[in-house]
Amino acid sequence: MESYALLVAATLNAGTVLAIAAMGLLINEKAGIVNSGR
Amino acid sequence: LLGVLAVWIFLFRTRAGFTQQVGGLAPAAARYAGYSSSKALWTALLVSGGAAGLAGALEVAGPIGQLTPYVPAGYGFAAIIVAYVGRLHPVGMVFSAVLMSMFYIGGELAQSRMGLPKSITGVFQGLLLFTLLACDTLIAYRLRWQGRRV
């Protein structure tokens, strides 16, 4: 059970940084500064 | 989650977000409507720069624990995959960020327990992105095979 808790904690820890970085990319994509195909 | 909510409200419930989207989708229409393209550009650059700085600060303050010249780079490329897997929507990107972080952690576990190289994570991420983009292309365009004319 403890290993699952560690897994979830590590997932959220790494996912937060990725989500925030992706938010910046999303705003750039919506504004047309970056246009990667869609 | 508060950041996601803030981005969602900014993009879909404010005039500035609407201006951003119009400027991105149809620059000529945005100019005709009187929206300032330079203002939208600077807003996007400042907000995304702030988001990148916040992500770096969280990485330094959390997993690394100290500010060193060797802060691991490469989150920008992973963020591209997160954004596309999340279908360019703030809520979808939360789930795709969790998926991508599971890839990272699974890659580290595979490295330590099975002796696989860590780059296998990048291979899976690339496969995910290319498969997704291929699906998008095949949904939007139909392939038509033509026989060779003699």
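Quick note: structure is the one above.
Scope of this entry: the structure provided in the associated data block.

About the criteria used
- Residues numbered from 1 in each chain as written.
- Chains lettered and ligands numbered in written order.
- Predicted model: local features only at pLDDT ≥ 70, side-chain atom pairs only at ≥ 80, totals over all residues.
- Heavy atoms only, no water.
- Helix = DSSP H or I, 4+ residues; strand = E, 2+ residues; numbered from the N terminus.
- Buried < 20%, exposed > 50% of the residue type's maximum accessible area, 1.4 Å probe, protein only.
- Areas by Shrake-Rupley, 256 points an atom, 1.4 Å probe, with all protein chains shown as cover.
- Rg over C-alpha atoms; globule rule 2.2 N^0.38 Å.
- Contact = heavy atoms within 4.5 Å.
- Phe/Tyr/Trp six-rings, centres within 6.5 Å; stacked < 30°, edge-to-face > 60°.
- Buried area = accessible area lost by both parts, 1.4 Å probe.
- Salt bridge = Lys/Arg side-chain N within 4 Å of Asp/Glu carboxyl O.
- Polar contact = N/O pair within 3.5 Å; in protein donor to acceptor, adjacent residues only side chain to side chain.
- Nonpolar A, V, L, I, M, F, W, Y, C, P; charged D, E, K, R; others polar.
- Axes fitted to C-alpha atoms, helices over the stretch in contact; angles between N-to-C directions.
- Parallel < 35°, antiparallel > 145°, perpendicular 65-115°, else oblique.
- Left-handed = near helix turned anticlockwise from the far one by under 90°.
- Core = buried A, V, L, I, M, F, W, Y, C linked by side-chain atoms within 4.5 Å.

1. Focus: the overall build of chain A
Here is step 1 of the chain: For chain A, the count of helices and strands is 1 helix and 0 strands.
Here is step 2 of the chain: Here the C-alpha coordinates of chain A stretch approximately 45 × 15 × 10 Å along the principal axes.
Here is step 3 of the chain: Looking at chain A as a whole, 42% of its 38 residues are labelled buried.
Here is step 4 of the chain: With the model as given, the accessible surface of chain A reaches about 2,000 Å², and the carbon-plus-sulfur share is 63%.

2. A word on the overall build of chain B
Here is step 1 of the chain: Across its full length, chain B holds 7 helices and 0 strands.
Here is step 2 of the chain: The order of helices and strands in chain B, counted from the N terminus, is α-α-α-α-α-α-α.
Here is step 3 of the chain: A compact globule built from 150 residues should have a C-alpha radius of gyration of about 15 Å, whereas chain B, at 20 Å, is more than 25% larger.
Here is step 4 of the chain: Per-residue burial for chain B yields a buried fraction of 27% across its 150 residues.
Here is step 5 of the chain: Within chain B, counting contacts between residues at least 6 apart in sequence, those at least 24 apart form 36% of the total.
Here is step 6 of the chain: Total accessible area on chain B stands at roughly 10,400 Å², and carbon and sulfur atoms take up 69% of it.

3. Considering the packing of aromatic side chains
Residues and elements named next belong to chain B.
Here is step 1 of the chain: Under the criterion given, the structure shown has 2 aromatic pairs over all chains.
Here is step 2 of the chain: When the ring of W8 is compared with that of F12, the centres are 6.1 Å apart and the planes differ by 55 degrees; the resulting orientation is tilted. In this pair, W8 and F12 are both assigned in helix α1 (residues 2-13), 4 residues apart and thus about one turn of the helix distant.
Here is step 3 of the chain: Look at F12 and you get partly exposed, because its relative accessible area is 28%.
Here is step 4 of the chain: Between F18 and Y35, the ring centres sit 6.4 Å apart and the planes meet at 85 degrees, which makes this aromatic pair edge-to-face. Taken together, the positions of F18 in helix α2 (residues 15-25) and Y35 in the loop between α3 (27-32) and α4 (37-64) put the pair 17 residues apart, joining distant regions of the chain.
Here is step 5 of the chain: Taking relative accessible area as the criterion, F18 reaches 47% and is therefore assigned partly exposed.
Here is step 6 of the chain: Relative accessible area serves as the criterion here: at 18%, Y35 is assigned to the buried category.

4. As for unusual backbone geometry
The general pattern is negative phi for most residues beyond glycine and trans for most peptide bonds.
Here is step 1 of the chain: Located in the positive-phi region is R87(B), a residue other than glycine, with phi close to 60 degrees.
Here is step 2 of the chain: Along the polypeptide, R87(B) turns up in the loop between α5 (75-85) and α6 (90-114).

5. What about the interface of chain A and chain B?
Here is step 1 of the chain: Residue-level contacts link 27 residues of chain A with 39 residues of chain B.
Here is step 2 of the chain: The junction of chain A with chain B conceals about 2,900 Å² of combined surface from both sides, 80% of it contributed by carbon and sulfur atoms.
Here is step 3 of the chain: Our enumeration of links across chain A and chain B arrives at 0 salt bridges.
Here is step 4 of the chain: On the surface where chain A and chain B come into contact, there are 3 residue pairs in polar contact (both at pLDDT 80 or more).
Here is step 5 of the chain: Looking at side-chain class alone, the side of chain A that touches chain B contains 15 nonpolar, 9 polar and 3 charged residues.

6. A look at the packing of α5(B) against α6(B)
Axes are the key here: two packed helices are described by the angle between their axes and the distance separating the axes.
All names here are of chain B.
Here is step 1 of the chain: Running from N to C, α5 and α6 point in directions that differ by 135 degrees, and their axes come no closer than 8 Å. Taken together, the axes of α5 and α6 lie oblique to each other. Crossing geometry of α5 relative to α6 is assigned as right-handed. Residue-level contacts link A78, I81, V82, A83 and V85 of α5 to M93, S96, A97, L99, M100 and Y104 of α6.

7. Describing the nonpolar core
Nonpolar side chains in soluble globular proteins generally cluster together in the buried interior.
Here is step 1 of the chain: Ranked by internal contacts, the top residues of the largest apolar core, which has 30 residues, are L18(A), M23(A), L26(A), V7(B), V82(B) and M93(B).
Here is step 2 of the chain: Secondary structure elements with two or more residues in this core: α1 (2-31) of chain A together with α1, α4, α5 and α6 of chain B.
Here is step 3 of the chain: Broken down by element, the residue count for this core peaks at 11 residues, all from α1(A).
Here is step 4 of the chain: Leave out the neighbours within four places in its chain, and M23(A) touches V4(B), V7(B), P90(B) and M93(B).

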